[in-house]
Amino acid sequence: MGNFNPNSVGEPEIAWALEKLGHEVVRIPEKDDQLPIIRRQLLSRNKFDFLLFAKFRVGPKQDVRELIKELRFFKIPSVCWLFDLYWGYRRETEIKMDPLPAFSADIVFTTDGGHETMWKRYKINHFLLRQGIDERVQMGKLMYPTKAEIGFIGSRLTWAGWPYRGQLIDFLKHAYGDRFEHFGDTGQPEIRHEKLNDLLATLKVTVCDTVYSPYYWSNRIYETTGRGGFAVHYRVEGLSEEFEEFKHFIPYKLGNFKDLKNKIDFYLENDEEREKIRRAGLEHCHKNHTYTKRVEELLKTLKEQKII
């Protein structure tokens, strides 16, 4: 159950990966007030090995919790896979104050690898599962309509309590002028799929950002390297265990804009080294961090935990 519109990222790739591995997938669109329809689809057929979802916002919280209880009665495990950061961020109130029904699932996967103590304290059966890249993605063409060499892709997150994002964008604009462009800000069209491939191929340098938390990062690093972008990302604990620094991406010290600028300037002038890292990042991401591999990890954990 999820967002399967043509512009979405995440659920469509996960569903495709499950099918590639030989499983039958019934896609249930997640929409407000869909609870009665979803209940009929799930309980009338009663042939599912498990229900996979993210936030499960399809009706009143108590009604959703009751559905999860019904699923247990019919022996349909509920499996939650969330992509957002919760602990140490504004969303942690969604656990402390009035937990989302998603957190009452039989098993909860998130991309946060740094707060196991907190998950246990709140009796949430949590496991780490990162995001990834769709293995069908191919490197784009140098045809995106921009004169910029350096780019940031995404909103400023002004609402999210992460002011660093805005500071980063403003610094890049001040330092590089028209050589830098901010893409996909609030109110602008989102750049996804083939258009994103072409943009990342066209830019010489793509600066990544994510809300800081040890052993957590967003899917921006996978979407950038896995689509053929040259990624610059601040150092965060754990990231270098997945991507090798100066081989797959360029690290810099969080908040040190002098360090960031020195590295951007160096790779703008060294085309051969930059393209070598771009290619290595692409190959590494497709070899190690595809959604198919993530789904294999998910299924392995479900079996080990006797969920299925």
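Our subject is the structure listed above.
Residues numbered from 1 in each chain as written. Predicted model: local features only at pLDDT ≥ 70, side-chain atom pairs only at ≥ 80, totals over all residues. Heavy atoms only, no water.

Undergrad: Would you mind going over the sheet that holds strand E4 (residues 126–128) with me for this structure?
TA: Sheet strands pair via backbone hydrogen bonds, and the direction of the pair is either parallel or antiparallel. With respect to topology, four strands assemble into an open sheet ordered E1-E2-E3-E4, the strand pairing being parallel. The strands lining the two open edges of the sheet, one partner per strand, are strand E1 (51–53) and E4. Geometrically, the sheet is characterised by an average inter-axis angle of 20° between neighbouring strands, direction not taken into account. Where E1 lies against strand E2 (residues 78–82), three bridges are found, and the strand directions are parallel. Looking at the pairing, Leu 51 lines up with Ser 78 of E2. (Pairing = 2+ DSSP bridges. Helix = DSSP H or I, 4+ residues; strand = E, 2+ residues; numbered from the N terminus. Axes fitted to C-alpha atoms, helices over the stretch in contact; angles between N-to-C directions.)

Undergrad: Sorry if this is basic, but what is going on with the packing of helix H1 (residues 11–20) against helix H11 (residues 291–304) here?
TA: A pair of packed helices is characterised by two quantities: the angle between their axes and the separation of those axes. Packing of H1 against H11 brings their axes to within 9 Å, and their N-to-C directions diverge by 70°. With respect to each other, H1 and H11 are oriented roughly perpendicular. In this structure, H1 uses Glu 13, Ile 14, Trp 16, Ala 17, Leu 18 and Lys 20 to contact H11, whose residues at the interface are Tyr 291, Thr 292, Val 295 and Leu 299. When its residues are assigned to classes, the contact of H1 with H11 shows seven nonpolar, one polar and two charged. (Parallel < 35°, antiparallel > 145°, perpendicular 65-115°, else oblique. Contact = heavy atoms within 4.5 Å. Nonpolar A, V, L, I, M, F, W, Y, C, P; charged D, E, K, R; others polar.)

Undergrad: Is there a simple way to explain the side chain of Arg 165 in this structure?
TA: Position of Arg 165 relative to the elements: it lies in helix H6 (residues 164–176). What makes Arg 165 buried here is its relative accessible area of 3%. Within the structure, the side chain of Arg 165 is placed 2.5 Å from the side chain of Asp 209, a separation counted as a polar contact. Among residues more than four places away in sequence, those in contact with Arg 165 are Phe 152, Ser 155, Arg 156, Leu 157, Asp 209, Thr 210 and Arg 220. (Buried < 20%, exposed > 50% of the residue type's maximum accessible area, 1.4 Å probe, protein only. Polar contact = N/O pair within 3.5 Å; in protein donor to acceptor, adjacent residues only side chain to side chain.)

Undergrad: Before we go on, may I ask you to explain the sheet that holds strand E7 (residues 205–207) in this structure?
TA: Taken together, five strands build an open sheet; the order of strands is E6-E5-E7-E8-E9 and the sheet is parallel. Of all strands in the sheet, those with a lone pairing partner are strand E6 (180–183) and strand E9 (250–252), marking the two edges. Between one strand and the next, the sheet's axes are offset by a mean angle of 25°, whatever the strand orientation. Bridge count for strand E5 (residues 150–153) against E7 is two bridges, and the pairing is parallel. Of the residues in E7, the one forming a bridge with Gly 151 is Thr 206. In the packing of H6 onto the sheet, the strands contacted are E5, E6, E7 and E9, and the crossing angle to E6 comes to about 145°.

Undergrad: In this structure, what is going on with the nonpolar core? I would like to understand it.
TA: The tendency in soluble globular proteins is for nonpolar side chains to be buried side by side. In terms of nonpolar packing, the biggest core is built from 41 residues, with Ile 150, Leu 168, Leu 172, Val 205, Ile 221, Leu 260 and Ile 264 touching the most fellow members. Looking at this core, the elements with two or more residues in it are E5, H6, E7, helix H8 (220–225), strand E8 (231–234), E9, helix H9 (257–269) and helix H10 (271–288). Among the elements that line this core, the one with the most residues is H6, at six residues. If near-sequence neighbours (up to four positions away) are discounted, Leu 168 is found in contact with Val 207, Cys 208, Asp 209, Tyr 252, Phe 257 and Leu 260. Counting 30 residues, the second largest nonpolar core, distinct from the first, contains Ile 28, Ile 68, Leu 82 and Met 118. (Core = buried A, V, L, I, M, F, W, Y, C linked by side-chain atoms within 4.5 Å.)

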